[in-house]
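Tertiary structure, described
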Protein chains: 2
Amino acid sequence: VVLELYVAESAGERHSDLTAAASRVGVPVRSAPDRAVAELSDTVTPQGVLAVCGAVDVGLDAALSGTPRLVVVADQVRDPGNLGSLIRCADAFGADAVLISADSVEAYNPKTVRASTGSLFHLPLVLDADLEPAVDHCRSAGLSVLGADGRADDALDELDRSGTLARPTAWVLGNEAWGLPAGHAALLDRLVRVPLYGRAESLNLSTAAAVLLYASATAQRRAASAAQTASQGGRPAS
Amino acid sequence: VVLELYVAESAGERHSDLTAAASRVGVPVRSAPDRAVAELSDTVTPQGVLAVCGAVDVGLDAALSGTPRLVVVADQVRDPGNLGSLIRCADAFGADAVLISADSVEAYNPKTVRASTGSLFHLPLVLDADLEPAVDHCRSAGLSVLGADGRADDALDELDRSGTLARPTAWVLGNEAWGLPAGHAALLDRLVRVPLYGRAESLNLSTAAAVLLYASATAQRRAASAAQTASQGGRPAS
């Protein structure tokens, strides 16, 4: 993915491990004036190293090949930090792919890349994913398509207890301010809310996503482990 | 809590509901030049209304009076947005109090207040809470004191299955970069990690907190509901 590495003159020693690793795999490493690196970087205190990378996104077919069990769909997510944090959560809980709608923030926005803390490079990303074909593809791949909605009747913990969460699932997360528009919600199998017990009216996008993905990933692994135990004649797996 | 309300001259109509509500409860509402309100506000696009508020924090004894079941302890949390988001999550999952160490960011930092989206006013906050007395108070109040640590042996989902999470719990969350120092971790009953299944090395503070608090709150309610069913002779609660 990395095509070229630029290192600020004064930061060369600090990044010697990185530049050695890049050289070993044939990535050209170039020294550049500090000012040039600082100008190309958009952080206040740049780390002194910049990589030119190729695009990492893939098509819907490639992202959903095999037998995906957990997929995240970002529908009109507009804040770059939120999208990056969402990609990080998807990676953390072992999602197979992240599909991002065309009217979401750019996945290659520098803030999104930084907030993903490397997860952008860890799992297949699909850009410009229109919701209708994305949902169709997910269903064809055997996934239930659930939408996150704070006003939904179904609560996450009830779905967990009923065994519904153990199914292969695509989670659709809508916009930070207005959620999933009615026309989009109508495309999905079910809307689900994270149960809230206090006086906060909502969670923010990435904390809601973390809870949904943790619950799904854990329910799936618990079910798989129970199935394995059952297939061994009811004895606990060793 | 609100002592005075200042409304920008050009924003008066937009906030008429708010100013009427303030007047009804005897809060003085004052009109101020737009420039003055903008200068006092620290956002790029201020909403045109400012409230002068009294402090809302309370002492440890007051915060942990009664029979708390879920408490959050922020130990050396330095990012204002993270602390605000943590308070919002604590509120969302019905926590009884948030204790904040003296070396954490100020709870009244404007970014913390905004990130809490009102939750700062929803549950008791303790400032300057040294970890040792905070842990002692939590134990005296009947709480297990668990620390979040990405390298811990015990995984959250295992604790959930074993019934441990259903106990009244105080969750201690450490610094964004270095977590809980060894000396602080040693004060706690147990360290717990959120299970990660992908290639991401960690979650950020607020997403980890959301998962921990969701799991605790849900486990406690599940156990309470099971106990109620059992006390009714095994029939499901109507």
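Residues numbered from 1 in each chain as written. Chains lettered and ligands numbered in written order. Predicted model: local features only at pLDDT ≥ 70, side-chain atom pairs only at ≥ 80, totals over all residues. Heavy atoms only, no water.

With that settled, the discussion passes to the overall build of chain A. Along its length, chain A carries nine helices and 10 strands. Here the C-alpha coordinates of chain A stretch approximately 60 × 45 × 35 Å along the principal axes. Within chain A, buried positions represent 45% of all 238 residues. Counting contacts in chain A only where the partners sit at least 6 residues apart, residues at least 24 apart contribute 81% of the total. Total accessible area on chain A is roughly 11300 Å²; 51% of this is exposed by carbon and sulfur atoms. For chain A, the distance from the average site of its 19 positive side-chain charges to the average site of its 28 negative ones is 8 Å. (Helix = DSSP H or I, 4+ residues; strand = E, 2+ residues; numbered from the N terminus. Buried < 20%, exposed > 50% of the residue type's maximum accessible area, 1.4 Å probe, protein only. Contact = heavy atoms within 4.5 Å. Areas by Shrake-Rupley, 256 points an atom, 1.4 Å probe, with all protein chains shown as cover. Lys, Arg positive; Asp, Glu negative; His and termini not counted. Charge placed at Lys NZ, Arg CZ, Asp CG, Glu CD.)

Take the interface of chain A and chain B next. Taken together, the contacts link 33 residues of chain A with 33 residues of chain B. Between chain A and chain B, a total of about 2800 Å² is buried, with carbon and sulfur atoms accounting for 64% of that surface. Counting the surface chain A buries against chain B, the share from its top three residues, Arg88, Tyr197 and Tyr214 of chain A, is 24%. Linking chain A with chain B are zero salt bridges, by the criterion used here. Between chain A and chain B we count 16 residue pairs in polar contact (both at pLDDT 80 or more) in total. Sorting the residues of the side of chain A that touches chain B by element identifies α4 (80-92), α7 (156-161) and α9 (205-231) of chain A as the ones contributing at least two each. Here the element with the most residues in the side of chain A that touches chain B is α9 of chain A; it accounts for 10 residues. Per-class residue counts for the side of chain A that touches chain B are 16 nonpolar, 10 polar and seven charged. (Buried area = accessible area lost by both parts, 1.4 Å probe. Salt bridge = Lys/Arg side-chain N within 4 Å of Asp/Glu carboxyl O. Polar contact = N/O pair within 3.5 Å; in protein donor to acceptor, adjacent residues only side chain to side chain. Nonpolar A, V, L, I, M, F, W, Y, C, P; charged D, E, K, R; others polar.)

Bringing the packing of aromatic side chains into the picture now. Applying the stated criterion to the full structure yields two aromatic pairs over all chains. Here the aromatic rings of phenylalanine 93 of chain A and tyrosine 214 of chain A are separated by 6.1 Å at their centres, their planes lie at 70°, and the arrangement is edge-to-face. One end of the pair, phenylalanine 93 of chain A, is in the loop between α4 and β5 (97-100); the other, tyrosine 214 of chain A, is in helix α9, with 121 residues separating them in the sequence. One exposure class covers both phenylalanine 93 of chain A and tyrosine 214 of chain A, and it is buried. The aromatic ring of tyrosine 197 of chain A is capped on one face by arginine 221 of chain B, whose charged end is 3.8 Å from the ring centroid. (Phe/Tyr/Trp six-rings, centres within 6.5 Å; stacked < 30°, edge-to-face > 60°. Lys NZ or Arg CZ within 6 Å of the ring centre and 35° of its normal.)

All names here are of chain A. By secondary structure assignment, the location of threonine 218 is in helix α9. Its relative accessible area of 5% is what places threonine 218 among the buried residues. Among the polar contacts listed, one links the side chain of threonine 218 to the backbone oxygen of tyrosine 214, at a separation of 2.6 Å.

Attention now goes to the relation of the copies chain A and chain B. Rotating chain A by 180° and moving it 0.0 Å along the rotation axis overlays it on chain B with an RMSD of 0.0 Å. The transformation relating the two chain copies, once decomposed into turn and shift, fits a two-fold axis. Of the interface residues in chain A, 100% have counterparts in chain B that sit at the interface too, so the contact is made through matching surfaces. (Least-squares fit on C-alpha atoms with pLDDT ≥ 70 in both.)

All right, on to the nonpolar core then. Formed by 86 residues in total, the largest nonpolar core has its most connected members in Phe93 of chain A together with Phe93 of chain B. For phenylalanine 93 of chain A, the contacting residues outside a window of four places in its chain are Leu70, Ala210, Leu213, Tyr214 and Ala217 of chain A together with Val194, Pro195, Leu196, Tyr197, Leu203 and Val211 of chain B. (Core = buried A, V, L, I, M, F, W, Y, C linked by side-chain atoms within 4.5 Å.)

As a packed pair, α9 of chain A and helix α9 (residues 205-231) of chain B sit with axes 8 Å apart at the nearest point and diverge in direction by 50°. Relative to α9 of chain B, α9 of chain A is oriented oblique. Along this stretch, α9 of chain A crosses α9 of chain B, giving a crossing that reads as right-handed. In this structure, α9 of chain A contributes Ser206, Thr207, Ala210, Val211, Tyr214 and Ala215 of chain A to the contact, and α9 of chain B contributes Ser206, Thr207, Ala210, Val211, Tyr214 and Ala215 of chain B. (Axes fitted to C-alpha atoms, helices over the stretch in contact; angles between N-to-C directions. Parallel < 35°, antiparallel > 145°, perpendicular 65-115°, else oblique. Left-handed = near helix turned anticlockwise from the far one by under 90°.)

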